[in-house]
Amino acid sequence: MIIKRCDANPILTKNEVPFESALVFNAGVTKFQGKYVMVFRNDFGTTKQDMQDFANGKRKDWPGFKTNIGIAFSDDGISWDVADKPCFSLKSDEIRRAYDPRLTVIDGRCYLCFAVDTHHGVRGGIAVTDDFEDFEILSMSTPDNRNMVLFPEKINEKFVRLERPFPVYGRSENEAFDIWMSDSPDCRYWGNHQLLLGAEKVPFSNCKIGPAAPPVKTSKGWLTTFHAVETVEDVEFDCWHAGWNKIYYGGIMLLDLNDPSKIIGISDKPLLTPETPYEKLGFRGEVIFPGGMILEDSGEVKIYYGAADTVECLATANIDDLIKMCIE
């Protein structure tokens, strides 16, 4: 078995959060200043039952979640101490919330990528911090773009990111959205957008794909996770609303070190498939969404992922096995 789920899974739930919380998932994780750091999506303000009642017409007012981003620290990457208040949130007359954070350390500074729901579309944002208290927002994309992740070092003297635009007008059929990439001289202004991987190239997906955890550097290339979605006909999975028939997988590929627009290899099978109760049952079942990946000196790779849009989990693997999975 290439990948092993942590015996302590789920490693973070709403029960460990000292402020209002209903769902904890889709976290970004990195090592920074000698500690493991996790920033996690925290949804609150309603319940699964409230949402089901709305879907079934038992209540007319939309009981939608509020969202902030919490932060936790760890010495071993498994047991976490959650700070007593959120570290990041956005809300204005135009912005509804920020969510799905990703963390990347570049040149000793910690960069936060996040999605932003607005009244005029979904945007992707990038901020930078040195202490997780003060964040400088560097960039906000135009709609509709999200799932942004940064490479952990500049390539050819430029910041490089993966992203997932979702052009409803041009690619609306079955949500066939793809992974793109772009670069920037300063992490503020982004250009040179190009397609990295089309959804049709992933054999275990018949729907959309997108970036997952920020890539990690190996001697063979940039090891890169992605999420891939399969729609299953005539099936209904556990969810707050009726008609949920999607499975979210974790996938993995290897990109060229000097030119990450070149795919060296990609696994034709999922890296992670929903199998356990905490992955199959929850706010939205059958969902695995990697958001953090750490390569240890021992060769162990820690892969952090949200499960069922409800909890945060951890799986581990050996770096050589993951590279082999991509190139064979």
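So, here is what we can say about the structure in this document. All residue numbers refer to position in the chain's written sequence, counted from 1. Given that this is a predicted model, residues contribute local features only at a pLDDT of at least 70 and side-chain atom pairs are listed and counted only at 80 or more, while totals for whole chains, interfaces and linings are drawn from all residues. With hydrogens and water stripped out, all remaining heavy atoms of the structure feed into the side-chain values.

## Notes on the sheet that holds strand β8 (residues 121-129)
Paired strands, in this sense, are two strands between which DSSP finds at least two bridges. Numbered from the N terminus, helices here are DSSP runs of H or I no shorter than four residues, and strands are runs of E no shorter than two. Strands sit in the order β6-β7-β8-β9 across an open sheet of four strands; the sheet is antiparallel. Unpaired on one side and paired on the other, β6 (95-106) and β9 (135-140) mark the two borders of the sheet. The average undirected angle you get between the axes of adjacent strands in this sheet is 25 degrees. The pairing of strand β7 (residues 109-118) with β8 spans nine bridges and is antiparallel. In the strand pairing of β8, Ala 115 is matched with Gly 124. Helix axes are fitted only over the stretch in contact, all axes being lines through C-alpha atoms; the angle between N-to-C directions runs from 0 to 180 degrees.

## Digging into the layout of surface pockets
Estimates place the volume of the largest pocket at around 1000 Å³. Using a grid of 1 Å spacing that covers the protein atoms alone, one calls a set of points a cavity when a 1.4 Å probe fits there but cannot get out, and a pocket when the set is open and has protein on both sides within 12 Å along at least five of seven lines; lining residues are those with an atom within 4 Å of a point. Lining the largest pocket we find 39 residues, and of these Arg 41, Arg 97, Tyr 99, Asp 117 and Arg 284 sit closest to its centre. Sorting the residues of the lining of the largest pocket by element identifies β2 (23-32), β3 (35-44), β4 (66-74), β6, β10 (145-150) and β17 (246-255) as the ones contributing at least two each. Counting residues per element, the lining of the largest pocket draws most heavily on β6, at four residues. Gly is placed with the polar residues, together with every amino acid not listed as nonpolar (Ala, Val, Leu, Ile, Met, Phe, Trp, Tyr, Cys and Pro) or charged (Asp, Glu, Lys and Arg). Looking at the lining of the largest pocket residue by residue, the classes come out as 17 nonpolar, seven polar and 15 charged. Grid points are joined across faces, edges and corners, and a volume is the space filled by probe spheres set on the points. Looking at the second largest pocket, its volume works out to about 320 Å³. Along its surface, the second largest pocket is lined by 14 residues, and Thr 30, Pro 152, Pro 215, Val 216 and Met 293 are the ones closest to its centre. Contributing elements (two or more residues each) for the lining of the second largest pocket: β2, β6, β15 (216-218) and β19 (288-295). Across the lining of the second largest pocket, the residue classes break down as ten nonpolar, two polar and two charged.

## A word on the pattern of salt bridges
Pairing between side chains of opposite charge can happen when the charged atoms of each approach one another. We define a salt bridge as a contact between a side-chain nitrogen of Lys or Arg and a carboxyl oxygen of Asp or Glu at a distance within 4 Å. Considering all chains together, one arrives at 21 salt bridges under this definition. Between Lys 31 and Glu 296 there is a salt bridge, with the nearest N and O atoms lying 2.6 Å from each other. With Lys 31 in strand β2 and Glu 296 in the loop between β19 and β20 (300-307), this residue pair connects regions lying 265 residues apart in the sequence. Among the ionic pairs, Lys 302 bridges to Glu 296, the shortest N-O distance being 2.7 Å. Three or more residues joined by partner-sharing salt bridges are found here, namely Lys 31, Glu 296, Glu 300 and Lys 302.

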